[in-house]
Amino acid sequence: MNNKLTHALITCCLLFSLSSCEDDPKLPDNLVEFEAEVAGISEDEESLPININLSRETSSPVAVTVSVTSSTLQYGTDFTTAPEAVSNVISVVIPENESQATIVLTKVAGVGFVGDEQVVFSITSVDGPSVIGMVSQITVTFSEITVTNGEMNIQGGGPTYPNKVFIDLSANRQTAIDRTTWDFGFSSGTDFRVILNSSNGMMARGLDETDLNAVTAADTVGFGEQLSVSAVFAAINMDPTPDWVPTAITWIDDPTGNLANTAIASVSATESENKVYIVNKGDGPGTPATELGWKKIRILRNGTGYTLQHADIAATTFSEIQITKDTEFAFQYVSMATGAVDVEPATDRWDLAWTGFTNAFNFVTGPVPYYFQDIILQNTAGVQTVQILNTVKEYEEFTEADVATLDFGVQSQVKIGSSWRNGGGPGGPPSLKTDRFYVIKDADENVYKLKFTALTQEGERGRPAIEFALLQAGE
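Note that this is a predicted model, so its numbers are computed, not measured.

A. Representation of empty space enclosed by the protein within the structure. In total, this model carries three cavities of 30 Å³ or more according to the counting rule given. Considering the residues around the largest cavity, the lining is formed by 13 residues, among which E35, P49, I50, I138 and R173 are closest to the centre. Secondary-structure elements contributing two or more residues to the lining of the largest cavity are β2 (38–40), β3 (47–54) and β13 (173–178). Top element by residues in the lining of the largest cavity is β3. It accounts for four residues. When its volume is computed, the second largest cavity comes out at roughly 80 Å³. Lining the second largest cavity are 14 residues, and of these D348, R349, D351, D442 and D444 lie nearest its centre. Taken together, the residues that form the lining of the second largest cavity break down as four nonpolar, three polar and seven charged.

Structure below.
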């Protein structure tokens, strides 16, 4: 080897070794804070979750002490909490490798509230690798509130995006749900439609068969090389492209949220018309991602509800889950492992959701399924959104007077979608777009302006941030 080249390589190795011996840069303080300074529990709500968050996960538990005070209500007589308060002090632990703990405030049954009662929760001490942050106190009012402005660090859970997070702007509230806890959503509408868990990359493919027990592995030959997001991605990089690729888009739900185009056909009142589906449940969090497995299913009507039949591919018997519609919610969610589960808040209790999502990518043969992280979905039940570029008007300058000039246009659940960030690729990692913001009109006619202020926290994906302000209150 050339002596100069050898010397250069040795020098580089020595420099790398020396730099590796230096101390890692000191991380910022890990803050313990409430999600918001104010919250409201409405007349028709029995309980309210109050989240305490860390800036980032830690390798050891963090014990948090919270005081509870109220000048108008008495603990145990008017309200309780879980964990229980002892002498008006709550002790809660944020477990290791997690970044959140929750206190649940519950009204005592039979107590009447005027609506102006308040309870104040204050973080008084922490024990662990963390410090108390600025949002150390939250005031809970026993009536529904309309928040005029707020900032929110979205609790997506980190780079493996384990959570789907529902956001209610007027309540300044977010609800983070483990995305692996459910498989299907059953529509509460007059139609009989079923959606897949798109946050896991779930896919479903119908067979020309109505007997679940008669379906075996022989009916799924070749499915492993086709029925997954990763298989589709591999196929579009083949030359020539396999002829099945254009069909793959029918194995996911329409990304716009149009229930007329779900992977599972409308559930028919004629039982013999409801076919068996092979389902790939997709991937859960992890590096590498955790495969969630395959099932065979069949869905029937049960009066005004549904019956879900499900089994492993090779099974000769199946299990059933009965689903009853509840019009307070857009969907009833079901896990094949555990049955009915709570996922999406009531229809009028959320506006936007942050999640990983099975979207569509325009390939030369047409749209194909493609998985996106950091998608923003909107509630299709009355929520409207429109994007405003800074060249039209800056966020700070946009006022209530500008609302009347807006044309919200055609809506879909992916109208914001990924438009708030730059995609990754050869040009570099994903990054925040700072040249735009959004105007959101919720189902109660409250109009907010909203901008994204971070794609990451301390360089970590899955923890974006937003800022928002009320422009016009609903009537």
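What follows continues from the structure just given.
B. Structural context of the sheet that holds strand β8 (residues 118–127). What the five strands build is an open sheet, ordered β2-β10-β8-β4-β6; its pairing is mixed. For this open sheet the edge positions go to β2 and β6 (89–94), each flanked by a neighbour on one side alone. Strand-to-strand twist of the sheet, defined as the mean angle between neighbouring strand axes without regard to direction, takes the value 25 degrees. Where strand β4 (residues 62–69) meets β6, six bridges bridge the pair, whose relative direction is antiparallel. Along β6, the bridge assignment pairs V64 with V92.

C. Structural detail: the sheet that holds strand β26 (residues 366–378). Strand order across the open sheet formed by four strands is β13-β12-β25-β26, with antiparallel pairing between neighbours. The open sheet has two edge strands, β13 and β26, and neither has a second partner. Sheet twist, expressed as the mean angle between neighbouring strand axes with direction ignored, is 35 degrees. Inspection of the sheet shows strand β25 (residues 352–363) paired to β26 by eleven bridges, in the antiparallel sense. Bridging from a neighbouring strand, T355 pairs with I375 of β26.

Rules and cut-offs
- Residues numbered from 1 in each chain as written.
- Predicted model: local features only at pLDDT ≥ 70, side-chain atom pairs only at ≥ 80, totals over all residues.
- Heavy atoms only, no water.
- 1 Å grid on protein atoms, 1.4 Å probe; cavity = no way out; pocket = protein on both sides within 12 Å on 5 of 7 lines; lining within 4 Å.
- Points joined across faces, edges and corners; volume = space filled by probe spheres on them.
- Helix = DSSP H or I, 4+ residues; strand = E, 2+ residues; numbered from the N terminus.
- Nonpolar A, V, L, I, M, F, W, Y, C, P; charged D, E, K, R; others polar.
- Pairing = 2+ DSSP bridges.
- Axes fitted to C-alpha atoms, helices over the stretch in contact; angles between N-to-C directions.

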